[in-house]
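Structural characterization, general
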Amino acid sequence: GKSSKFDFRVKIIPDPIGMVGPSKGGRMQSNIFKAQDFLRAELQNFDFDARFSVTGATVYFAGAGFANSGSVQTGTITSGSLAPIKSKIDLCKPGSTVTFDDLKVVGPDGRSRTIPPVSFVLF
């Protein structure tokens, strides 16, 4: 038969936000931060359950616990696991600041995205 044209709307999957444990940034208790093993990327207020995988980030450590080492230390992760930077996380204490920058994620569409940084000020 004949084919006909049919227009339909496509819902674009928005960018997720980075989260460590229950927090998406801001103030966080140092003991709760230090107990976390993963960084994850989650959608907020979206109609469907679309999963994202963290594929990399540069992590900056500053403030309390890092003042004697030249003030800012960096680390790199290549997945959602925080294991590669665990030695630096162990140095964190109240007054430390941890920033996950250049956060790269891959969504269900297979597209790689860079999402906004997320920072934690530990107390």
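This text follows the structure it describes.
1. Description of the environment of isoleucine 89
Following the sequence through the fold, isoleucine 89 ends up in helix α2 (residues 86-89). It is 6.0 Å that separates the C-alpha atoms of isoleucine 89 and lysine 34, two residues lying 55 residues apart in sequence. The contact partners of isoleucine 89, leaving out residues within four places of it in the chain, are Phe33, Lys34, Phe61 and Leu82.

2. Observations regarding the side chain of threonine 99
Mapped onto the elements of the fold, threonine 99 is located in strand β6 (residues 96-106). Looking at threonine 99, its side chain comes within polar contact range of the side chain of serine 119, at 2.8 Å. Excluding residues that lie within four positions of it along the chain, threonine 99 makes contacts with Thr58, Val59, Tyr60, Pro117, Val118 and Ser119.

3. A few points about the environment of asparagine 31
Structurally, the position occupied by asparagine 31 is in helix α1 (residues 30-34). Through-space distance from the C-alpha of asparagine 31 to that of aspartate 90 is 9.8 Å; in sequence the pair is 59 residues apart.

4. Structural notes on the pairing of β6
With nine bridges joining them, strand β4 (residues 53-63) and β6 adopt antiparallel strand pairing. Counterpart to alanine 62 in the pairing with β6 is threonine 97. Bridge analysis of β6 against strand β8 (residues 118-122) gives four bridges, and the strand direction is antiparallel. Within the sheet, the bridge partner assigned to threonine 99 lies in β8 and is serine 119.

5. Some points on the packing of aromatic side chains
Scanning the model with the defined rule gives five aromatic pairs in all. Relative to phenylalanine 120, the ring of phenylalanine 33 has its centre 5.7 Å away and its plane inclined at 45°; by these criteria the two rings are tilted. Taken as a pair, phenylalanine 33 in helix α1 and phenylalanine 120 in strand β8 lie far apart in primary sequence, 87 residues in all. Exposure class is identical for phenylalanine 33 and phenylalanine 120. Each is buried. Taking the centre distance of 5.9 Å and the plane angle of 70° together, the rings of phenylalanine 46 and phenylalanine 48 count as edge-to-face. Looking at arginine 27, its charged tip hangs above the ring of phenylalanine 123, at a distance of 4.1 Å from the centre.

What counts and what doesn't
Residues numbered from 1 in each chain as written. Predicted model: local features only at pLDDT ≥ 70, side-chain atom pairs only at ≥ 80, totals over all residues. Heavy atoms only, no water. Helix = DSSP H or I, 4+ residues; strand = E, 2+ residues; numbered from the N terminus. Contact = heavy atoms within 4.5 Å. Polar contact = N/O pair within 3.5 Å; in protein donor to acceptor, adjacent residues only side chain to side chain. Pairing = 2+ DSSP bridges. Phe/Tyr/Trp six-rings, centres within 6.5 Å; stacked < 30°, edge-to-face > 60°. Buried < 20%, exposed > 50% of the residue type's maximum accessible area, 1.4 Å probe, protein only. Lys NZ or Arg CZ within 6 Å of the ring centre and 35° of its normal.

Coordinates in, geometry out; function isn't part of it.
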